[in-house]
Amino acid sequence: MIGRISTLALAAGLALGAPAMAAPTPGQVAAAAKAVQPKVVAWRRDIHEHPELGNQEVRTAALVAKELKALGLEVRENVGKTGVVGILRGGKPGKVVALRADMDALPVAEKTGLPFASKATATWEGKTVPVMHACGHDTHVAMLLGTATVLAGMKKDIKGTVVFVFQPAEEGPQAGEEGGAKLMIQDGALDNPKVDAMFGVHIGPGDAHQLNYRPEGFYAGADRLTITVKGRQTHGARPWAGVDMASVAADIIQAINQIAARQVDVGVQPSVVTVATINMGLRQNIIPEDLKMEGTMRTFSPARKVDLIAKVQKAVAAIGDRYGAKAEAVFSQPYPVTYNNPELSKWVKASLLKASAKVDDNAPLVTGAEDFSLYAEKVPAVFVQLGGRKADVPAATAPANHSPYFDVDEAVFETGVKAEAFMALDYLAKK
């Protein structure tokens, strides 16, 4: 691991004992981000090699708390189960700004071949599963720790307070649990001190160092889809004596695809309904009594959400009736659309341009979803994408988030740290 924070601060000419300045300059922020970059890389690789699923981020949370305490921050642990909140009070009074990183990994078997690839397993909804940081949350944690390091070195010259929110279970808790931003908010992550504005950064397979966002709706709202079917078990050689669950499943998937592509106007706004798991049966010659399918729905307006739910539920029930089975579609764990405050979106572009020359403030809608949206319902917020694709990976074939091959160019961490630091400092300095 890299040396102590004082070494990093001194390397950037920002030791805690340095004379107070009017405000940290862009050059000082850039120098501090460069100085902490090796440590950010080391943090990322350590967290990547030891991933943890939602509400199970015990090791990650302990690492975060230890590093924040070493920086002299006030630290609250066990927020929203395994979350950590760090508070940096600047040397001058002012507003309160929050920065957020998510900590959880996914039940994915890693295939990147990296020397620090995950070999971890864990229990998820009653099954032992492989675990991988396939969505880049390892990088989010490392970059926000880097930002905390940079800003801690400028503490005396900061006007106001920075709250660092390290959140568990962004990908959603397992069935029967609560977690994520909802519990962080309930446990006071935005209170004491009361947050005035919030920013977040999410890495993806876009062009390296590219910063993308758009005002108003950016990431889709999401709902978990669970379809259950109860039929009659029979011998595989006598499907007419029971309910052929494979045919039921096929018809339901075809109906859902037809609804999403043919019954709603995707030209007005995109929407997606996906079935991702099908579970039924134990033997090749037994047609089972039960079928369970799970998936996700993504929408950008309440009206489209209500319409799709009604259409899917009607179709699923009708298919069940046709086969003599009882079929039901239930939607749960709703995330609202991630909404970027328009005024803050217009203002933040100048801060992002200090971090990267490549900034798009009218990026396309993203059908991925984020529970950062719950914070944005409480305080003005902006959520930004950071491109992290390696130079030798073609854009057309770059593995997306949630792929077992997902990986990033570690050089972009420096851009991410600068973006977070500039957004926080500029917000606190603005009148």
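The structure under discussion appears in the preceding block.
Residues numbered from 1 in each chain as written. Predicted model: local features only at pLDDT ≥ 70, side-chain atom pairs only at ≥ 80, totals over all residues. Heavy atoms only, no water.

Engineer: How should the packing of helix 6 (residues 245-262) against helix 7 (residues 302-323) be read in this particular structure?
Structural biologist: A pair of packed helices is captured by two measures, namely the crossing angle of their axes and the spacing between those axes. Where helix 6 meets helix 7, the closest approach of the two axes is 10 Å, and the angle between their N-to-C directions is 155 degrees. Here helix 6 lies roughly antiparallel to helix 7, going by the angle between them. Of the two possible hands of crossing, helix 6 and helix 7 adopt the one that is right-handed. Residue-level contacts link Ser247, Val248, Asp251, Ile252, Ala255, Ile256 and Ile259 of helix 6 to Leu308, Lys311, Val312, Ala315, Val316, Ile319, Arg322 and Tyr323 of helix 7. Here the contact of helix 6 with helix 7 is composed, by residue class, of 11 nonpolar, 1 polar and 3 charged. (Axes fitted to C-alpha atoms, helices over the stretch in contact; angles between N-to-C directions. Helix = DSSP H or I, 4+ residues; strand = E, 2+ residues; numbered from the N terminus. Parallel < 35°, antiparallel > 145°, perpendicular 65-115°, else oblique. Left-handed = near helix turned anticlockwise from the far one by under 90°. Contact = heavy atoms within 4.5 Å. Nonpolar A, V, L, I, M, F, W, Y, C, P; charged D, E, K, R; others polar.)

Engineer: Would you mind going over the packing of aromatic side chains with me for this structure?
Structural biologist: Two measures describe an aromatic ring pair: the distance that separates the ring centres and the angle between the ring planes. Counting across every chain of the model gives 7 aromatic pairs. Between tyrosine 219 and phenylalanine 383, the ring centres sit 5.2 Å apart and the planes meet at 85 degrees, which makes this aromatic pair edge-to-face. With tyrosine 219 in strand 9 (residues 216-230) and phenylalanine 383 in strand 18 (residues 381-387), the pair connects residues that are 164 residues apart, well separated along the chain. The pair formed by tyrosine 219 and phenylalanine 383 is uniform in burial state, with each residue classed as buried. For the ring pair phenylalanine 372 and tyrosine 375, a centre distance of 5.9 Å and an interplane angle of 65 degrees mean the geometry is edge-to-face. Of this pair, phenylalanine 372 and tyrosine 375 are both found in helix 9 (residues 372-376), 3 residues apart, which corresponds to roughly one turn of the helix. Tyrosine 375 matches phenylalanine 372 in its accessibility class, with the two residues each being buried. Members of the aromatic cluster, each reached through a chain of ring pairs, are Phe218, Tyr219, Phe372, Tyr375 and Phe383. (Phe/Tyr/Trp six-rings, centres within 6.5 Å; stacked < 30°, edge-to-face > 60°. Buried < 20%, exposed > 50% of the residue type's maximum accessible area, 1.4 Å probe, protein only.)

Engineer: Is there a simple way to explain the environment of glutamate 216 in this structure?
Structural biologist: Within the secondary structure, glutamate 216 is located in strand 9. Under the relative-accessibility criterion, glutamate 216 is labelled partly exposed at 44%.

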